[in-house]
Amino acid sequence: MFKLLDEAAELVEIELDGEAVSVPADVSIAAALLYLDRLPLRQSPVSGSGRAPFCLMGICFECLVEVDGLRDQRACQRKVRPGMRLRRQLLVSAESGA
Amino acid sequence: MSAVSHLDFDTVVVGGGLVGAAIACGIAKSGAKLAVLDGGDRDFRASRGNFGLVWVQGKGADFPAYARLSASAARQWPDFAAELLDATGVDVGLQQTGGYDFCLDADEWRARESEMRQVELHTGGEFEYRMLDNAELRKHIPEVSPQVLGASYSPEDGHVNPLYLLRALHRRLDDLGVEYRARQVVCSSSPGDGGFVVNTESHVYHCQRVVFCAGLSNERLCRDLGLHVPLRPLRGQLLITDRVPPFLPAATLQVRQTREGTLQIGDSHEDVGLDESTTLEVVTRLARRALRIFPHLAEVRLNRAWGALRVMTPDGVPVYQQSDEHPGAYAISCHSGVTLAALHSREIAGWICGEPREELVAPFTAGRFDV
């Protein structure tokens, strides 16, 4: 769905749901996950409906993901780093513990 | 003529918060040409900061008419919410499955029990309540800590999303053709032209009736028309968490879970003047108290906190007062804009429009403070 403006942009390797993936360096986690087209990022704990980055400026709290074992991090407010371990907060994933 | 523009209305409502908007909706239904003069975003806005409780429990322990008023208003809520949904498409998220007020220790339990008994006594046993011990409480809410002594419970209580309520009322105002004007700083009011003249920085409003619902500014604004309503701010601080799976079957005075899963943690009372900031001390105390009640929240993240100022009369009871000196001018002051919304939109609006409601409003005149 999203393409890089600079196709020669540097990529870094991170881990998403236990799987190694390459994403652009120096972008927000939200941008990286939109680039990977791995949606939804999480599910509402009330209705179970899928959610994705919405405001991209830190106020809507829709893009919460688990970052290096810490839940509920706003993906739009943190940048990717090589080796970062991300987990989408899906209710179905058995290991989420939610 | 001066540079300010002159406008004519039947009624001017000063204040577009929950109280002003609810009353304006009711008045507008009578077909009156109406303007709502609202403040600016930086004003103190209790309607945007409050907790959203529909609360009867414990109110009016020393003032039976207030206990009855609150109960009568709360009982109208299901019908009022349905009316708003029907008219505006906005679901205010009413959940009226009762309310709990936790007692963490024996002192709290004793004080609560005597307060509840007093309300029961003053109102002839009209209000149902129960004191629940820990075992019984945990049958209602299993997540409550075994360390909590118990809670008072009343089936009358509930909660709504106060921001959706404000939105619904404003949508209704718009549909009813009410002229809504934001950022109107009212400077003065006076009798004139057989009615009233309300001056803002930019306009002069001529009207037959003027209703002051301007929160903490009421005291200053009403004085021009012979209305004396002593008011003071009482700060409450509120914490907001991430959304968590629903576990609260009903409202509690300490923690409320919105329909979206967010927890609001509150119930602080500070007499600190016109200061709506938050303090580390109170935020910490509120968080600790919430954890003493619900230990499973320890892993839940707080997202933000805010302070808001309650609009308090000296006895905490509403004021519904028409000016003796200048009939047609009204002062409405209360801190329960959510609980009383239906009553404001119906009975109080009706009273302002000339319906015979003296019996209802008589206990709530501002004269009770003149001693």
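As shown above, the structure is provided for reference.
Residues numbered from 1 in each chain as written. Chains lettered and ligands numbered in written order. Predicted model: local features only at pLDDT ≥ 70, side-chain atom pairs only at ≥ 80, totals over all residues. Heavy atoms only, no water.

A. Region of the structure containing the interface of chain A and chain B. Residue-level contacts link nine residues of chain A with eleven residues of chain B. A combined buried area of about 760 Å² lies between chain A and chain B, and 49% of that area is made up of carbon and sulfur atoms. Of all residues in chain A, A:Pro45, A:Val46 and A:Phe61 bury the most surface against chain B, accounting for 60% of the area lost on that side. Our count for the chain A to chain B interface comes out at one salt bridge. One salt bridge in this structure joins A:Glu62 and B:Arg243, with 3.7 Å as the shortest N-O distance. Our enumeration of links across chain A and chain B arrives at one residue pair in polar contact (both at pLDDT 80 or more). Its residues assigned to classes, the side of chain A that touches chain B comprises four nonpolar, one polar and four charged. (Contact = heavy atoms within 4.5 Å. Buried area = accessible area lost by both parts, 1.4 Å probe. Salt bridge = Lys/Arg side-chain N within 4 Å of Asp/Glu carboxyl O. Polar contact = N/O pair within 3.5 Å; in protein donor to acceptor, adjacent residues only side chain to side chain. Nonpolar A, V, L, I, M, F, W, Y, C, P; charged D, E, K, R; others polar.)

B. View of the pattern of salt bridges. One pass over the full model with this rule turns up 23 salt bridges over all chains. The shortest N-O distance in the salt bridge between B:Arg357 and B:Glu355 comes to 3.4 Å. Each of A:Arg42, A:Arg51, A:Glu62 and B:Arg243 takes part in salt bridges that share partners, so that together they form one network.

C. Examining the sheet that holds strand E16 (residues 302-312) of chain B more closely. Residues and elements named next belong to chain B. A sheet is described by the order of its strands in space; here four strands give the open sequence E14-E15-E12-E16, paired in antiparallel fashion. Two strands close off the open sheet at either side, each with one partner strand: strand E14 (255-257) and E16. Within this sheet the neighbouring strands show an average axis-to-axis angle of 25°, counted without direction. Where strand E12 (residues 232-243) lies against strand E15 (residues 262-265), three bridges are found, and the strand directions are antiparallel. Across the sheet, Ile240 pairs through a bridge with Gln264, a residue of E15. (Pairing = 2+ DSSP bridges. Helix = DSSP H or I, 4+ residues; strand = E, 2+ residues; numbered from the N terminus. Axes fitted to C-alpha atoms, helices over the stretch in contact; angles between N-to-C directions.)

D. Seen up close, the nonpolar core. Residue and element names in this part refer to chain B. In this structure, Trp77, Leu165, Tyr320 and Ile332 are the most contacted members of the largest nonpolar core, which totals 56 residues. Listing elements by their share of this core, those giving two or more residues are helix H1 (18-28), strand E2 (34-37), helix H3 (64-75), helix H4 (77-88), helix H7 (162-175), strand E18 (329-333) and helix H10 (341-352). When residues of this core are assigned to their parent elements, the largest contribution, nine residues, is made by H1. Not counting chain neighbours up to four residues away, the residues in contact with Tyr320 comprise Leu69, Ala331, Ile332, Leu340, Leu343, His344, Ile348, Trp351, Val361, Phe364 and Thr365. Judged by nonpolar contacts, the second largest core, of 27 residues, contains Val12, Val198, Leu221 and Leu227. (Core = buried A, V, L, I, M, F, W, Y, C linked by side-chain atoms within 4.5 Å. Buried < 20%, exposed > 50% of the residue type's maximum accessible area, 1.4 Å probe, protein only.)

E. Spotlight on the packing of aromatic side chains. Residue and element names in this part refer to chain B. Evaluation of the coordinates by the stated rule reveals eight aromatic pairs over all chains. Centre to centre, the rings of Phe9 and Tyr205 are 6.2 Å apart; their planes meet at 35°, and the pair counts as tilted. One end of the pair, Phe9, is in strand E1 (residues 5-14); the other, Tyr205, is in strand E11 (residues 203-212), with 196 residues separating them in the sequence. Note on Phe9: relative accessible area 9%, which makes it buried. Under the relative-accessibility criterion, Tyr205 is labelled buried at 0%. Where Tyr330 meets Trp351, the ring centres are 5.0 Å apart and the plane angle is 80°; that geometry is what we call edge-to-face. (Phe/Tyr/Trp six-rings, centres within 6.5 Å; stacked < 30°, edge-to-face > 60°.)

F. Just unusual backbone geometry, in detail. Residue A:Leu39 is joined to A:Pro40 through a cis peptide bond whose omega torsion reads 0°. With respect to the helices and strands, A:Pro40 occurs in the loop between helix H1 (29-36) and strand E3 (42-43). A positive phi angle, close to 60°, is found at A:Leu56, a residue other than glycine. By the secondary structure assignment, A:Leu56 is in the loop between strand E4 (50-51) and strand E5 (64-67). Here A:Leu56 falls in the partly exposed class, since its relative accessible area comes to 46%. Positive phi, close to 80°, is recorded for B:Asp267, a residue that is not glycine. Turning to its location among the elements, B:Asp267 is positioned in the loop between E15 and helix H9 (280-293).

G. Seen up close, the layout of surface pockets. Residue and element names in this part refer to chain B. Reported here for the second largest pocket is a volume of approximately 640 Å³. Lining the second largest pocket are 26 residues, with Asn161, Leu163, Arg243, Thr262 and Arg304 sitting closest to its centre. Looking at the lining of the second largest pocket residue by residue, the classes come out as nine nonpolar, eight polar and nine charged. Counting residues domain by domain, the lining of the second largest pocket receives three or more from each of domain 1 (5-50 + 163-230 + 315-369) and domain 2 (232-312). (1 Å grid on protein atoms, 1.4 Å probe; cavity = no way out; pocket = protein on both sides within 12 Å on 5 of 7 lines; lining within 4 Å. Points joined across faces, edges and corners; volume = space filled by probe spheres on them. Domains from an automatic or database assignment.)

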